[in-house]
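The lines below spell out each chain.
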Amino acid sequence: MRWMKSIILPSQDFSGRVVVYSTKSHIYKNKRKQLIGRNKIMKYRFLYLAALPLILSACNNAGKDLLSPEPLKGEIKGKVVDAVLVGSTIQVYEWDKGEIVSEPITETTTDTNGDYVLEPRYYDSYLLLKATGGFYIEEATGIQVDLQPGQELTALVRYEQGDAINVNITALTHWATCMAQWRAKTQSNNNSDAIGLSYDVFSAMAGVAIREVEPLNITDPNNASPVINEGLQYGIYAAAISSLTKDMAERSDQSPHTLTSTTSIHLAQIGCNDIRADGKLDGQGFTNDETQISPLAFGTVPLTPRVYRTEVAQHMLIMASSDLNKSGLGATDYLNRAQSLSTMDSDVFNKIAAESVDLEGPIISNNLPDGTFLKGTANLVFTIDDPL
């Protein structure tokens, strides 16, 4: 038979064994197997090298914990205040370049004093704290307000793993967070500058460090003090917002603090939409769909830099002069803070000229009927009433 005449050739396979091929057909088949084997190895090498960057990227981002040790446990605590916000859910997210970039890291609920404590295990990053739900009592009316879906207060902070830090969450930290978002997205600010510059603006408005200082409710006699302190200085701002929103609701022929659209938390949301549009409290902001910039109003009252600045300052003094004030201090004690806000020169107010908080002089009246004539010596009683 012809195939028996084939030359016998030695060879070596991949395992190092000597293989003797006795036929041409066998030689062909074995070489073909070797080529197929080599091709498979090259294919697998290619697939591994192609996948390696993806594997490393995943480990560096979504799977930090795969390559790094478990982060140290930290503590973040503080108070949530529109007025004191009770039963509010506080969630923590990683924040980067104006966006939330993680699922909730941890969460808790505020107690009856509005206090919260969080114990995150997370890496060094910028964190956004968000308060939703719960209820508070409006200082100017005593009406309970429940937060509605979509209403929130926020704060931003730089967190280093294992840190213990205080972060109070208020309407002013919310507005600062909204400005930081605008700066990061539209002004090319890095995270540090976007947050730092924004919090500087609103700390100047309150006259205190708005994350670190705990606001004190001026209608609570437990917060009474013989001298002005940072807590009351911060707290008068929240009381003024409650008084201002009551006033604007009444000017709009609406019931103060009983409608979702007539509360101080509603003004906090409008202010955020105002700031995110152009970095200013100028009454030009996003509508609810966040696609169009339009004039903003509270009820029928147009929002302007004067409302956010001078009218808030005036309502500081109105609340300080009212029987609701249980802080042990009067309007004269809060006058410097109100005047500083009313005359604050900042781009956030769209470079509108500042004005004094007290533009109305005192009203002087006496106890004499009209048409009374006096002769000789008489004792007169005059009443001096200052609107503020």
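Basis of the calculations
- Residues numbered from 1 in each chain as written.
- Predicted model: local features only at pLDDT ≥ 70, side-chain atom pairs only at ≥ 80, totals over all residues.
- Heavy atoms only, no water.
- Helix = DSSP H or I, 4+ residues; strand = E, 2+ residues; numbered from the N terminus.
- Buried < 20%, exposed > 50% of the residue type's maximum accessible area, 1.4 Å probe, protein only.
- Areas by Shrake-Rupley, 256 points an atom, 1.4 Å probe, with all protein chains shown as cover.
- Arc of directions from axis to C-beta.
- Contact = heavy atoms within 4.5 Å.
- 1 Å grid on protein atoms, 1.4 Å probe; cavity = no way out; pocket = protein on both sides within 12 Å on 5 of 7 lines; lining within 4 Å.
- Points joined across faces, edges and corners; volume = space filled by probe spheres on them.
- Pairing = 2+ DSSP bridges.
- Disulfide = S-S within 2.5 Å.
- Polar contact = N/O pair within 3.5 Å; in protein donor to acceptor, adjacent residues only side chain to side chain.
- pLDDT = per-residue confidence, 0-100.
- Salt bridge = Lys/Arg side-chain N within 4 Å of Asp/Glu carboxyl O.
- Nonpolar A, V, L, I, M, F, W, Y, C, P; charged D, E, K, R; others polar.

J.: Got a sec to walk through the overall build of the protein? Specific residues and values, please.
T.: Each helix and strand in the protein was counted, giving 8 helices and 19 strands. A total of 388 residues make up the protein; the buried ones form 43% of that total. When the accessible surface of the protein is summed, it comes to about 20900 Å², and 53% of that surface belongs to carbon and sulfur atoms.

J.: How would you sum up helix α8 (residues 331-342)? Please name residues and give values.
T.: Because an α-helix packs 3.6 residues into every turn, residues spaced three or four apart end up facing the same way. All buried positions along α8 are accounted for by Tyr-334, Arg-337, Ala-338, Leu-341 and Ser-342. Buried residues in α8, looked at end-on, bunch into an arc of 135°, giving them a common side. For α8, the exposed residues lying more than 90 degrees away from the buried face are Thr-332 and Asn-336. The inward-facing, buried residues of α8 abut α4 (191-206), α5 (230-251) and α7 (305-321).

J.: Please provide a residue-by-residue account of the layout of surface pockets, values included.
T.: Empty space within the largest pocket amounts to approximately 690 Å³. For the largest pocket, the lining is made up of 28 residues, of which Glu-152, Cys-272, Asn-273, Arg-276 and Glu-290 are closest to its centre. Contributions of two or more residues to the lining of the largest pocket are made by β5 (99-100), β8 (125-132), β11 (152-159), α3 (171-186) and α6 (264-278). The greatest single-element share of the lining of the largest pocket, amounting to 6 residues, is contributed by α6.

J.: Help me get a handle on the pairing of strand β7 (residues 115-118), residues and values and all.
T.: Covered by surrounding structure in β7 are Tyr-116 and Leu-118 only, the residues Asp-115 and Val-117 on the alternate face being uncovered. When strand β3 (residues 75-81) meets β7, the two strands line up antiparallel, connected through 4 bridges. Bridging across to β7, Gly-78 finds its partner in Tyr-116.

J.: Please set out unusual backbone geometry residue by residue, giving values where relevant.
T.: Residues other than glycine seldom take positive phi values, yet Ser-188 does so here, at roughly 60°. By secondary structure assignment, the location of Ser-188 is in the loop between α3 and α4. When its relative accessible area of 71% is taken as the criterion, Ser-188 is described as exposed. The backbone of Asp-253 shows a phi angle near 55°, a positive value even though the residue is not glycine. Structurally, Asp-253 can be placed in the loop between α5 and α6. Residue Asp-253 is classed as exposed on the basis of its relative accessible area, which comes to 75%.

J.: Describe in detail the state of the cysteines, supporting the description with residues and values.
T.: Scanning the entire structure with this criterion turns up 1 disulfide. The partner cysteine of Cys-178 in its disulfide is Cys-272, sulfur to sulfur 2.0 Å. Taking the sign of the torsion about the S-S bond as the criterion, the disulfide between Cys-178 and Cys-272, at about -95°, is left-handed. With Cys-178 in helix α3 and Cys-272 in helix α6, this pair connects stretches of sequence that are 94 residues apart. Relative accessible area serves as the criterion here: at 7%, Cys-272 is assigned to the buried category.

J.: Give a detailed account of the side chain of Gln-269, specifying residues and quantitative values.
T.: With respect to the helices and strands, Gln-269 occurs in helix α6. A relative accessible area of 13% means that Gln-269 is categorised as buried. Among the polar contacts listed, one links the side chain of Gln-269 to the backbone oxygen of Glu-152, at a separation of 2.9 Å. There is a polar contact of 3.2 Å between the side chain of Gln-269 and the backbone oxygen of Ile-265. The contact partners of Gln-269, leaving out residues within four places of it in the chain, are Gly-150, Gln-151, Glu-152 and His-174.

J.: So what about the confidence of the model for the protein? Which residues, and what values?
T.: Summarising the model, the protein shows a mean pLDDT of 85, and 76% of its residues fall at 70 or more. Across residues 1-32, where pLDDT falls below 50, the model places 31 contacts with residues more than four positions away in sequence or in other chains. Between residues 46-63, whose pLDDT stays under 50, and residues either more than four places distant or in other chains, the model counts 4 contacts.

J.: Quick rundown of the pairing of β11? Include the residues and the values.
T.: Burial analysis of β11 places 6 of its 8 residues in the buried class, which makes it a mostly covered element. Pairing analysis gives 8 bridges linking β8 to β11, with the strands arranged antiparallel. Paired with Ala-131 across the bridge in β11 is Leu-153.

J.: I'd like to hear about the pattern of salt bridges, residue by residue, with values.
T.: Under the defined criterion, the tally for this structure stands at 12 salt bridges. The salt bridge involving Asp-115 is made with Lys-79; its shortest N-O contact spans 3.1 Å. Of this pair, Asp-115 sits in strand β7 while Lys-79 sits in strand β3, placing them 36 residues apart in sequence. Overall, Lys-79 belongs to the buried group, its relative accessible area being 8%. A salt bridge links Glu-250 to Lys-246; the shortest N-O distance between them is 3.1 Å. Linking Glu-250 with Lys-246, this pair stays in helix α5, spanning 4 residues, or about one helical turn.

J.: Talk me through empty space enclosed by the protein; I want residue IDs and the actual numbers.
T.: According to the stated counting rule, one finds 1 cavity of 30 Å³ or more in the structure shown. Approximately 110 Å³ is the volume found for the largest cavity. As for the largest cavity, its lining consists of Val-81, Asp-82, Thr-170, Ala-171, Leu-172, Pro-215, Tyr-234, Tyr-237, Ala-238 and Ile-241. Counting residues per element, the ones that place at least two in the lining of the largest cavity are α3 and α5. In terms of residue count, the dominant contributor to the lining of the largest cavity is α5 (4 residues). Among the residues forming the lining of the largest cavity, the class breakdown is 8 nonpolar, 1 polar and 1 charged.

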